[in-house]
Structures are given as structure tokens and as C-alpha cells.
Amino acid sequence: MKLYFKEILFSLMLASGSNFGQGLNIVPEPVSATLTNDKFVLQNGSDIFLLSDNKDLRKVAEQLKNIIHKRTGFDLNIKNGNSDKGIVIGLSEGSSVKPEGYVLTVNNNLVKISGKDCAGVFYGIESFQEILKRDSIQCYLPGCEVSDYPRYGHRGFMLDASRHFQSVDFVKKVLDVMALLKLNVFHWHLTDDQGWRIESRKYPRLNEIGSYRDSINSVERNGYYTVEEIHDVIQYAKNLHIKIIPEVEMPGHSQAVMDSYPELLCPTNKGGNTYCAGNIKSYEFIKNVLDEVVSIFNTDIIVVGGDERPKGIWEKDSLCKAMIAKQNLANEDLLQNYFMKNICDYISGKGVKTIAWAENLKGGVPENQYVENYYPDVSMESARGGYYTINSNCFYTYFDYPNTSEEKKVKPDWMPVLDLARVYSFNPTPDSLEDASKKFIIGTECALWTEVVMQHDIQFQLFPRILAFSEDAWSPNEKKNYDNFVKRVKEVKPVINSMGFEFDKGGW
Ligand SMILES: [Zn+2]
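Residues numbered from 1 in each chain as written. Predicted model: local features only at pLDDT ≥ 70, side-chain atom pairs only at ≥ 80, totals over all residues. Heavy atoms only, no water.

## Observations concerning empty space enclosed by the protein
Piece 1. In total, this model carries one cavity of 30 Å³ or more according to the counting rule given.
Piece 2. In this structure, the largest cavity encloses a volume near 30 Å³.
Piece 3. Residue lining of the largest cavity: Val174, Val177, Met178, Leu462, Phe463, Ile466 and Phe501, and that is the complete set.
Piece 4. With three residues, helix α4 (residues 168-180) is the largest single contributor of residues to the lining of the largest cavity. (1 Å grid on protein atoms, 1.4 Å probe; cavity = no way out; pocket = protein on both sides within 12 Å on 5 of 7 lines; lining within 4 Å. Points joined across faces, edges and corners; volume = space filled by probe spheres on them. Helix = DSSP H or I, 4+ residues; strand = E, 2+ residues; numbered from the N terminus.)

Structure, rendered in C-alpha cells:
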């Protein structure tokens, strides 16, 4: 009798879509996933059928073919048409499939992946990649029915290329993992105090001076991405359905610019890291730079910084004081709002949206600007104010923070421990937010600031925490289960290792 109940329980688990411990290991957790007793055995020389002769769909099929070759050594053929045997991929116009969503069905004879759009089919292939198994006799996929789509449209990772600089090859590896985890926005932090990392043909001193931090370790502290390298990375990301959003910091966090063009400093503040907001040349310079960056990236959205301007500098400067008086502003914080609005209105006039780190919402947010927050209360305030908001609450998403109390000993004192379970517990749209305001939280980002993180160590900061974050960004909040997640992480780890990373040192 006991056995009978166990069997019922097992059937219920399958019927409810739970794959707890049953071998269907997909991260991020899908909306619905049911394991069956079938098994699809992959054969060398078998076929991938395309339901429609669509150029972008064919590209996704090529990616699947490459993944299978890399993981199994098998060569598959891509054909147009339909079949009840082999692998079939196609677009589904059905209303039940949501944007970026997909349905993956595996039985004894057939693997079928259909998506609302090519991004959806691509995500179906990433799930395929995670459940593909190899034992001593065969390569196979477990029978399953997966129906899936994202919780948020903006699922980002921010990498700081200014404090330490990463190679193009490394950035591509990061993009590969982002795609595996169904993250779709690469927020590239390319300028800061320590280095300017974008080639500028208009302002060459940004590279001659601003890209060179010092003479130590020239590989990771000094350098910039050429226009050709940036184009290469953008194309690479596009193939992975990842949008790159470049960031140019202002008005603070700009020491590299001030070292290159010191005439942009406040005249009474030689040596700071902040543009003079009273000097018309600052506005001209930034607008020219943004025109150049927008052109290089061919982007319709850009991050314009806006965070951590040192206080008390502008209010002591003659030019800034004159601008405060001329614009009838109450104080230097409102001068920042004026400054940001002036720049953002200019770039918005060219059809480019902006994202800014939230500092003074009360002072006003320019039109066509999204707010990104790192302090928890700001996401609530921003959403309540009716501003589209990307929630990057630092206490859940900043991966330069130590993983463990042991790691905390070698990190700056102010950094709290951010362990895996805490990252996993993050809900970017807090329950306490009123329903009417919830729609303004459009997504979330995790971030890796690199003041104290060299390229080789980035993997130990990312893994496994970015896997937890991917479920915060993609999976239905009510489906998240930490114990289940930890089991799936162990199964997905070899896939990430196969992409050229080492997982963390913590016994995963
Ligand atoms: Zn000034």
C-alpha cells in the first residue's frame, strides 16, 4: 500500500510539472516542464528540419548543429520540411506562445522546438543544450514537454570594463553563458574614473591618456576596444539574441575624461572626477561623445551614468554657481537634474532612449529615460512615480560582493556577504509594491564591478550566483524553489565548464 501511494505521488509530481531530482535540469526553471518515460537517442548524420525557409531560423538551426557537434562530435544535416523523426524547429504563430517563449517536446522519435520568434526558438535550443546527456553508450535527451517564456523583457548583466579591462575573447565567453541562462541585455560599463574603454576618433586623448591607468599589468588595466572590436562583439551578441547597451558615465565617475581634457573640470576644482556643469564646453563635449558612441554601437538606447557625483564641489564653483542662478535652481543636486535632462533631451531628440542610475528622482526624470536603481527603496519610489525601472538592488545583484564570510575577509569592509541563497531569494517586483505600479518594473540586472576583480577571477564571482539571478529574471516567482535549484545547478555545471569557465571553488 505504501508503494502504491509513492507511485501516485510520483505521477502527481510529473503531472504538475515538477522535475525535482528527476533529471530534467534546466536553468532558469521553465514556466512548465514535465518529464516523460521517453528518450530520444541522437544519431550521427540525422536531420534537423526547418518548418519554414527563414534566414534567421536557419541561423538558429546552424547554432543547434554546432552545439551538437561540440558536445557529441556528431554531424547533423539541416533540411527544409517537416518530419515525425529527427529534430524539427519552427516558428509558431499560436497565441499561447509569448514573446521569447518556446515549446520543447521530446519523445522517442522526435525533438520539436517551436518559438514565438527566433529568440524563442534559440532559448528552446539553450534548454536542449542543458538536458542533452551523454553516457557510455549514447547521447540522448529525456522525454519531456516544456512550455516556457520569460518573466521580464529586460534581463541584464552589467560588466565593468573600466576598473579592470577584459579581452574580447573573454567578453564573448561571458555572452555565451548569458545566452545559456536566457539573459538578453549586456550592459557594458565602458567609462569610469580608472579608464575610458571606447575608441574615440573625435577625442583621441580619451584613448592616449584616458585609457591608460598606470604602468602596472598593462593587459588588464590599460587599453580600449577599437571600433572594429566593438562591432565584432555586437555581432556576436546579436547572434545570441543579446542586446548590448553601452554606458558612458557622467557627471561624476569621469576621472579618465578629466585627465584627458582637464579644461572640463570646474575652474575652482582642479583634480576632481566630475564635469563642470556650469561650463558650456562640458555639454558640447558630452553630446559629441554620445553621438560618436551611439554611431559606433548603432544603438537606440544608452546608459548615461548619473550616480555618485561628489557633493559640495559644484556649489563652490563660480561657473556652476552662475548656472544655478541662471537656471533658477535651488541647489547643486538640482543642477545635476538640469545637466542630465539637457544631455538626455538632446540624445532623445535623435531617437535614442537613456537609462540612468537613480540619484534624485524628486528632481525629475527626463522623458524617454528608464531608471536603474541600486538602492532597494529607489525601485519602489521610481515605479510609484510611473518611471520604467530596472531593479538592480545591490544587496541581491552585486557580484563583486563576497560569496562567503571567508571571502569577506579579503574584500573591502563595506561589502556585505551575498551568498547564493540570498541571490536566489530576490524578487525584482516586490510584493509590497502596489499592483498599479508593478508594471513599471520592466526588468532586472546583476552587476559585476571590477575594482577588485581581475579577469581570471570573474568566473568565481559569477558562478553559481548568476544562475540564481537568471531564475530571478526569467522564472515565475511562485515556481522558484531553492533546494530544487541547487540540484539543477550541479547538473548544468558541466555545460558551463564546457564553455571555458571553472565553476567556483566551493565544491559545486
Ligand atoms: Zn563647475
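Now that the structure has been shown, the text picks up again.
## Looking at the domain arrangement of the protein chain
Piece 1. When cut into domains, the protein chain gives domain 1 (6-148) and domain 2 (154-483).
Piece 2. For domain 1 and domain 2, the distance between their C-alpha centroids amounts to 36 Å.
Piece 3. Taken together, the contacts link 24 residues of domain 1 with 19 residues of domain 2.
Piece 4. Summed over both sides, the interface between domain 1 and domain 2 buries roughly 1700 Å², with carbon and sulfur atoms accounting for 56% of that surface.
Piece 5. Looking only at domain 1, the three residues that lose the most surface to domain 2 are Pro28, Glu29 and Tyr123, adding up to 34% of its buried area.
Piece 6. Taken together, the connections running from domain 1 to domain 2 amount to two salt bridges.
Piece 7. Between Lys479 and Glu29 there is a salt bridge, with its nearest N and O atoms 3.4 Å apart.
Piece 8. Mapped by element, the contributors of at least two residues to the side of domain 1 that touches domain 2 are β1 (32-41), α2 (55-72) and α3 (118-131). (Domains from an automatic or database assignment. Contact = heavy atoms within 4.5 Å. Buried area = accessible area lost by both parts, 1.4 Å probe. Salt bridge = Lys/Arg side-chain N within 4 Å of Asp/Glu carboxyl O.)

## Some remarks on the state of the cysteines
Piece 1. Using the criterion set out here, one finds zero disulfides in the structure.
Piece 2. Cysteine Cys446 shares no disulfide, and the gap to the nearest cysteine sulfur, in Cys394, comes to 13 Å.
Piece 3. Under the relative-accessibility criterion, Cys446 is labelled buried at 0%. (Disulfide = S-S within 2.5 Å. Buried < 20%, exposed > 50% of the residue type's maximum accessible area, 1.4 Å probe, protein only.)

## Focus: the confidence of the model for the protein chain
Piece 1. This prediction gives the protein chain a mean pLDDT of 92; 94% of its residues lie at or above 70.
Piece 2. Confidence drops under pLDDT 50 across residues 1-21; counting only partners more than four residues distant or on other chains, this segment forms 18 contacts. (pLDDT = per-residue confidence, 0-100.)

## A closer look at the pattern of salt bridges
Two side chains with opposite charge may pair up if their charged atoms get near one another.
Piece 1. Tallied over the entire structure, the rule returns 26 salt bridges.
Piece 2. Note that Asp291 is salt-bridged to Lys350, the shortest N-O span being 3.4 Å. One end of the pair, Asp291, is in helix α9 (residues 280-297); the other, Lys350, is in the loop between α11 (332-348) and β13 (353-357), and 59 residues separate them in sequence.
Piece 3. The residue Glu332 makes a salt bridge to Arg309 at a minimum N-O spacing of 3.1 Å. Pair noted here: Glu332 is in helix α11 and Arg309 is in the loop between β12 (301-303) and α10 (318-326), with a separation of 23 residues, a long-range link.
Piece 4. Judged by its relative accessible area of 5%, Glu332 falls in the buried class.
Piece 5. Each of the salt bridges in this network shares a partner with another, and the network as a whole consists of Glu29, Glu471, Lys479 and Arg488.

## Considerations on the coordination of the zinc ion
Piece 1. Note on the zinc ion: its protein donors are Cys266 (SG), Cys276 (SG), Asp317 (OD) and Cys320 (SG). The metal-donor distances range over 2.1 to 2.3 Å.
Piece 2. Coordination at the zinc ion comes from four donor atoms whose angles at the metal span 105 to 113 degrees, giving a geometry best classed as tetrahedral.
Piece 3. Note on Cys266: relative accessible area 1%, which makes it buried. (Donors = N, O, S within 2.8 Å, 3.2 Å for Na, K, Ca; no water. Tetrahedral: all angles 85-135°; square planar, octahedral: opposite > 155°, others 65-115°.)

## Structural notes on helix α18 (residues 465-474)
Piece 1. Counting buried residues in α18 gives ten out of ten residues, a clear majority hidden from the surface.
Piece 2. Along α18, the positions that sit buried rather than exposed are Arg465, Ile466, Leu467, Ala468, Phe469, Ser470, Glu471, Asp472, Ala473 and Trp474.

## Observations regarding the environment of Gly143
Piece 1. Residue position: Gly143 is located in strand β8 (residues 139-148).
Piece 2. Here the alpha-carbon distance between Gly143 and His154, two residues eleven residues apart in the chain, equals 31 Å.
Piece 3. Once residues within four sequence positions are removed from consideration, Gly143 is found in contact with Thr34, Leu35, Thr36, Asp38, Lys39 and Val106.

## Things to note about the side chain of Asn273
Piece 1. For Asn273, the location among the structural elements is in the loop between α8 (255-260) and α9.
Piece 2. Polar side-chain contacts of Asn273 include one of 3.1 Å to the side chain of Asp193.
Piece 3. Within the structure, the side chain of Asn273 is placed 2.8 Å from the side chain of Thr274, a separation counted as a polar contact. (Polar contact = N/O pair within 3.5 Å; in protein donor to acceptor, adjacent residues only side chain to side chain.)

## Section: the packing of aromatic side chains
Piece 1. For the structure shown, the criterion picks out 29 aromatic pairs.
Piece 2. Judged by centre distance (5.3 Å) and plane angle (75 degrees), the ring pair of Tyr123 and Trp474 falls under edge-to-face. With Tyr123 in helix α3 and Trp474 in helix α18, the pair connects residues that are 351 residues apart, well separated along the chain.
Piece 3. Classification of Trp474 by relative accessible area gives buried; the value is 1%.
Piece 4. Measuring from centroid to centroid gives 6.0 Å for Tyr398 and Trp449, while their planes differ by 65 degrees, and the two rings are edge-to-face. Remark: Trp449 occurs in the loop between β16 (441-448) and α17 (458-462) and Tyr398 occurs in the loop between α13 (394-397) and α14 (405-408); sequence separation between them is 51 residues.
Piece 5. Judged by relative accessible area, which is 7%, Tyr398 ranks as buried.
Piece 6. Cation over ring: Lys173 sits above Phe501, and NZ or CZ is 4.8 Å from the ring centre. (Phe/Tyr/Trp six-rings, centres within 6.5 Å; stacked < 30°, edge-to-face > 60°. Lys NZ or Arg CZ within 6 Å of the ring centre and 35° of its normal.)

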